[in-house]
Amino acid sequence: MFGSRALFSGRIWNHSLFPKRSGIFRANFSTKGVGTHNGTFHCDEALACFMLRLSTRFSGAQIVRTRDHQVLEKLDAALDVGGMYDPESERYDHHQKGFTEVFGHGFNTKLSSAGLIYKHYGLEIIAKELGLDQKHPDVQRLFLAVYKNFIEAVDAIDNGIHQHDTEQPPRYVNNTSLAHRIGRLNLDWIEPDQSSSKEDEAFHRAMKLAGSEFLQCVHFHAKSWLPARSIVMECLAERHDIDSSGEIMKLKKQCPWKLHIFELEEEMKIDPPIKYVLYEDDRSENWRIQAVSVSPDRFESRKALPVSWRGLERDKLSEESSIQGCVFVHMSGFIGANRTYEGALAMARASLIA
């Protein structure tokens, strides 16, 4: 609970400053207080504050922005300030000497305040958003996927960890990340009103921006990513029914398979790896044959379509390949098409032995 000193020594946000969200924020006033530092704010504490308020324990909690340790000691939680990481007392700072906490589960990026809150409250938040028990396998799977695809970047950027191991200067400027957009919400030096209340209003906008993108990520993974993963897993399991080589996969329903095939190959111990994926193109009523890339972040194919086919279309391609119904093959050999499934499968089989 708050002490009287905390009520007047720190800047406390009234619950009414935050829009109520059905299923997330309670309508009743909460007496819990969550502290974070005042002054220039960053993506990690804005996101951490938003996420912590999604928990049952801190739903609707007041946000107190201060560096006064006497005030912070009286609060129920403190994020990104205070020089202490102690989840039992709800202290989540990462700036102190000797801090080396990581998310685990194969992730080794040093955590920011956002990663710390997600590590301790992420399962609860995702379970509440999905209306499932925390032990449900979908919740566990999404917990890891959201960290990998959203939270880890926030941790890395805040801790100054480069995405690539190189000392070469970047080839272009990228100021479009969430961290950059949050940073631009800080009061500009030319802003005539530099008051604490104005700064707190800006932080509220930062929380809203970071939180909305976090929830978008959670719901995308729940509604799109997870069903696609199930489809790809089923299709991988049936790959030998398509071709005895086990290197051709037929996608039963068009979905973002590239997000999953590499992880599932490792998880399912698939060897040899998939070389081609066949799927129906509903827009052109053709069947596509796409070569799988060597890794998720590379364009290079594991086995591109034959050089002699590349850049050819229709009759010329059918004549060159001796396969009827060919539509095209891209100049790079990463994708092609045939009017029928049987034709696309024939192109894949011929490409395997080319």
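Here's a quick rundown of the structure. (Residues numbered from 1 in each chain as written. Predicted model: local features only at pLDDT ≥ 70, side-chain atom pairs only at ≥ 80, totals over all residues. Heavy atoms only, no water.)

### Regarding the pairing of strand β10 (residues 276–281)
Of all six residues in β10, five are buried; the element is thus mostly enclosed. With three bridges joining them, strand β9 (residues 248–250) and β10 adopt parallel strand pairing. For lysine 250, the partnering residue across the bridge sits in β10 and is leucine 278. A crossover connection joins β9 to the parallel β10 through helix α9 (residues 261–267); in handedness this β-α-β unit is right-handed. When β10 meets strand β11 (residues 286–291), the two strands line up antiparallel, connected through six bridges. Following the sheet pairing, valine 277 is matched in β11 by glutamine 290. In sequence, β10 turns back onto β11 through a hairpin of four residues, with glutamate 285 there showing a positive phi of about 60°. (Buried < 20%, exposed > 50% of the residue type's maximum accessible area, 1.4 Å probe, protein only. Helix = DSSP H or I, 4+ residues; strand = E, 2+ residues; numbered from the N terminus. Pairing = 2+ DSSP bridges. Right-handed = clockwise from strand over helix to strand, strands pointing away.)

### Description of helix α5 (residues 137–158)
Along its 22 residues, α5 runs 30 Å from first to last C-alpha, staying within 8% of the 32 Å computed at 1.5 Å per residue. The largest bend along α5 reaches roughly 50° and is located at lysine 148. Three or more residues of α5 are buried, namely Val139, Leu142, Phe143, Ala145, Val146, Tyr147, Phe150, Ile151, Glu152, Val154, Asp155 and Ala156. On its buried face, α5 is in contact with α2 (43–54), β7 (102–104), β8 (107–110), α4 (113–130), α6 (178–183) and α7 (196–237). Of the residues flanking the end of α5, it is glycine 160, one or two places downstream, whose phi is positive at about 70°. (Expected span 1.5 Å × (residues − 1). Bend = angle between axes of the 7 residues up to and from the residue. Contact = heavy atoms within 4.5 Å.)

### Brief notes about the nonpolar core
Of all hydrophobic cores here, the largest spans 52 residues; its most connected members are Leu47, Met51, Tyr118, Val146, Ile151 and Phe214. Listed by contribution, the elements that provide at least two residues to this core are α2, β4 (77–79), α4, α5, α6 and α7. Examining the composition of this core, we find that 12 residues originate from one element, α7, more than from any other. The contact partners of isoleucine 151, leaving out residues within four places of it in the chain, are Leu47, Met51, Ala114, Gly115, Tyr118, Val146 and Phe214. Ranked by size, the runner-up nonpolar core spans 19 residues in total, among them Ile242, Trp309, Val329 and Ala348. (Core = buried A, V, L, I, M, F, W, Y, C linked by side-chain atoms within 4.5 Å.)

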